[in-house]
Amino acid sequence: MSTIGNYLEQDHQSCDARYDKAEALVNQGDWDAAGVEFAIFRRQLEGHLAMEEQVMFPALEQAMGSANGPTAVMRSEHSHMRAILQDMHVAISQLEQDDFFDHADTLRMLMRQHNLKEEGILYPMADRLLEDAQAAAVLTAMAEMAKSSHHGAPAEHTQLEGVAS
């Protein structure tokens, strides 16, 4: 069975790859393609954040007995990322390469630090604290969200081995 950590780390990698494409297109000055690619990245990242906030965090908070602590920090960082994404969208729409890359630098640093915390602390905590049935339910719910939102998650996210539907 896939773990919550493996599933979400794979989604991090997919988001990062999509982001790299958008950033390269901005760097090339291909604004139309950059706008399309950035919109896909943004939708995919929003889907990832939603999976965490609506499925994984509540299950983890229930297991921990508290909504304070690591999930509260992650939610705050998600809000910060969403604000930066909006600024980047505006920069693309205004064909402002310097503004885009100013925000991109901030986003890349924030995402790197954020992902390290999730992958090094939060996801292993979820895999450790959630019982097998709870973890399976979280994985199934996240896969269903990914499939229904078409947020660009890799196809393997909709086919989880060993997880009952």
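Scroll up to find the structure.
The paragraphs below set out a description of the structure included in this document.

Examining the overall build of the protein
Argument step 1. The secondary structure content of the protein amounts to five helices and zero strands.
Argument step 2. Sequence-distant contacts in the protein: of pairs separated by 6 or more residues, those separated by 24 or more amount to 78%.
Argument step 3. Accessible surface, the protein: about 8,100 Å² in total, of which carbon and sulfur atoms supply 50%.

As for the packing of aromatic side chains
Argument step 1. Applying the stated criterion across every chain yields a total of four aromatic pairs.
Argument step 2. Seen in terms of ring centroids, Phe-38 and Phe-41 are 5.9 Å apart; in terms of plane orientation they differ by 50 degrees. Their pairing is tilted. Of the two residues, Phe-38 and Phe-41 both sit in helix 2 (residues 31–64), three residues apart, roughly one turn of that helix.
Argument step 3. With centroids separated by 6.2 Å and ring planes inclined at 80 degrees, the aromatic side chains of Phe-38 and Phe-100 adopt a geometry described as edge-to-face. Here Phe-38, found in helix 2, pairs with Phe-100, found in helix 4 (residues 97–129); they are 62 residues apart in sequence, far enough to count as distant. For the pair shown, Phe-38 and Phe-100 are each scored as buried.
Argument step 4. Linked through ring pairs, Tyr-19, Phe-38, Phe-41, Phe-100 and Phe-101 together constitute an aromatic cluster.

Thoughts on the nonpolar core
Argument step 1. Counting residues in hydrophobic clusters, the biggest one holds 23 residues, and the most contacted among them are Ile-4, Tyr-7, Leu-8, Met-56, Val-138 and Met-142.
Argument step 2. Secondary-structure elements contributing two or more residues to this core are helix 1 (4–28), helix 2, helix 4 and helix 5 (132–149).
Argument step 3. Counting 22 residues, the second-largest nonpolar core is a separate cluster that includes Cys-15, Phe-38, Leu-45 and Leu-49.

Things to note about the pattern of salt bridges
Argument step 1. Using the criterion set out here, one finds eight salt bridges in the structure.
Argument step 2. Here Arg-108 makes a salt bridge to Glu-23, at a shortest N to O gap of 2.9 Å. Of this pair, Arg-108 sits in helix 4 while Glu-23 sits in helix 1, and the two are 85 residues apart along the sequence.
Argument step 3. The class for Arg-108 is partly exposed, based on a relative accessible area of 25%.
Argument step 4. For Glu-23, a relative accessible area of 16% puts it in the buried group.
Argument step 5. A network of salt bridges, in which partner residues are shared, links Asp-20, Glu-23 and Arg-108.

Brief notes about helix 2
Argument step 1. At Met-56, helix 2 shows its largest bend, some 40 degrees, and a proline, Pro-58, comes one to four positions later.
Argument step 2. Looking one or two residues beyond helix 2, the residue adopting positive phi is Gly-65, at roughly 80 degrees.

Structural notes on the packing of helix 1 against helix 4
Argument step 1. Contact geometry of helix 1 with helix 4 gives a least axis separation of 10 Å together with a crossing angle of 170 degrees. As far as their axial angle goes, helix 4 and helix 1 are roughly antiparallel.
Argument step 2. For the contact of helix 1 with helix 4, the class distribution of residues is 11 nonpolar, five polar and eight charged.

Side note on the environment of His-114
Argument step 1. Secondary-structure assignment places His-114 in helix 4.
Argument step 2. In this structure His-114 comes out as buried when scored by relative accessible area, which is 1%.
Argument step 3. C-alpha of His-114 to C-alpha of Glu-77: the two residues are 37 residues apart in sequence and 7.3 Å apart in space.
Argument step 4. Beyond its immediate chain neighbours, meaning those up to four positions away, His-114 contacts Glu-52, Met-74, Glu-77, His-78 and Met-81.

Focus on the environment of Glu-23
Argument step 1. Between the alpha carbons of Glu-23 and Phe-100 there is a distance of 8.8 Å; along the sequence they are 77 residues apart.
Argument step 2. Among residues more than four places away in sequence, those in contact with Glu-23 are Phe-100, Phe-101, Ala-104 and Arg-108.
Argument step 3. Within the structure, the side chain of Glu-23 is placed 2.8 Å from the side chain of Tyr-19, a separation counted as a polar contact.

Analysis parameters
Residues numbered from 1 in each chain as written. Predicted model: local features only at pLDDT ≥ 70, side-chain atom pairs only at ≥ 80, totals over all residues. Heavy atoms only, no water. Helix = DSSP H or I, 4+ residues; strand = E, 2+ residues; numbered from the N terminus. Contact = heavy atoms within 4.5 Å. Areas by Shrake-Rupley, 256 points an atom, 1.4 Å probe, with all protein chains shown as cover. Phe/Tyr/Trp six-rings, centres within 6.5 Å; stacked < 30°, edge-to-face > 60°. Buried < 20%, exposed > 50% of the residue type's maximum accessible area, 1.4 Å probe, protein only. Core = buried A, V, L, I, M, F, W, Y, C linked by side-chain atoms within 4.5 Å. Salt bridge = Lys/Arg side-chain N within 4 Å of Asp/Glu carboxyl O. Bend = angle between axes of the 7 residues up to and from the residue. Axes fitted to C-alpha atoms, helices over the stretch in contact; angles between N-to-C directions. Parallel < 35°, antiparallel > 145°, perpendicular 65-115°, else oblique. Nonpolar A, V, L, I, M, F, W, Y, C, P; charged D, E, K, R; others polar. Polar contact = N/O pair within 3.5 Å; in protein donor to acceptor, adjacent residues only side chain to side chain.

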